[in-house]
Amino acid sequence: MRTSDDTPEQVAALLEGIVRRQRRVSWEQLGSLGVTPAQVRVLRTLRRAHGAIRISDLAGRLGIVPRSATSVVDDLETAGLVARTPDPDDRRATLVALTSAGEKTLAAVRRSNRDATVALVQRLELREREELLRLLRQLAPEDVFD
């Protein structure tokens, strides 16, 4: 009788656990950078927008109500990480964009996340890291480094 191979399930469970752990470590480190996970999400969304967008558009991209987006933007603006400007096409609307300090904060978040992952991977022996790298390259989508 043939038994089913549950190895893919085990791999998936381990990867999910590692991702959860890394996310938790990352969130703990955000405090030292002066931002929350919700604020980082807003900053990343603004960076992907490639320019100033309306708060209502930001809320839509985040899947939240505009009032919630406004609240997070208020805190980010106070911290100097985003700037509001009047919308030249609609004087009732406001645009929001990243500031250079916001860009620097996102870079620090990326470095912090990368450092935590590097520390985890460095627990492996060199040959194990090389094998992990080989296997991950097989699984990674083509555009993973874009």
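For the structure itself, consult the block above.
Residues numbered from 1 in each chain as written. Predicted model: local features only at pLDDT ≥ 70, side-chain atom pairs only at ≥ 80, totals over all residues. Heavy atoms only, no water.

Draft legend 1. Geometry of helix α5 (residues 100–121). Look at α5: 31 Å from first C-alpha to last across 22 residues, which is about the 32 Å you get at 1.5 Å a residue. The set of residues buried in α5 consists of G102, T105, L106, A107, A108, V109, S112, A116 and L120. On the buried face of α5, the contacting elements are α1 (7–33), α2 (37–49) and β3 (90–98). (Helix = DSSP H or I, 4+ residues; strand = E, 2+ residues; numbered from the N terminus. Expected span 1.5 Å × (residues − 1). Buried < 20%, exposed > 50% of the residue type's maximum accessible area, 1.4 Å probe, protein only. Contact = heavy atoms within 4.5 Å.)

Draft legend 2. Main features of the side chain of T105. Within the fold, T105 resides in helix α5. In contact with T105, other than residues within four places in its own chain, are V35, L43 and L81.

Draft legend 3. Up close: the packing of α2 against α5. Put simply, α2 and α5 touch, their axes get as near as 10 Å, and they point 115° apart. Classified by the angle between their axes, α2 and α5 sit roughly perpendicular to one another. In terms of crossing hand, the pair formed by α2 and α5 is left-handed. Across from V40, L43, R44 and R47 in α2, the residues of α5 making contact are E103, T105, L106, V109, R110 and N113. Counted by class, the contact of α2 with α5 contains four nonpolar, two polar and four charged residues. (Axes fitted to C-alpha atoms, helices over the stretch in contact; angles between N-to-C directions. Parallel < 35°, antiparallel > 145°, perpendicular 65-115°, else oblique. Left-handed = near helix turned anticlockwise from the far one by under 90°. Nonpolar A, V, L, I, M, F, W, Y, C, P; charged D, E, K, R; others polar.)

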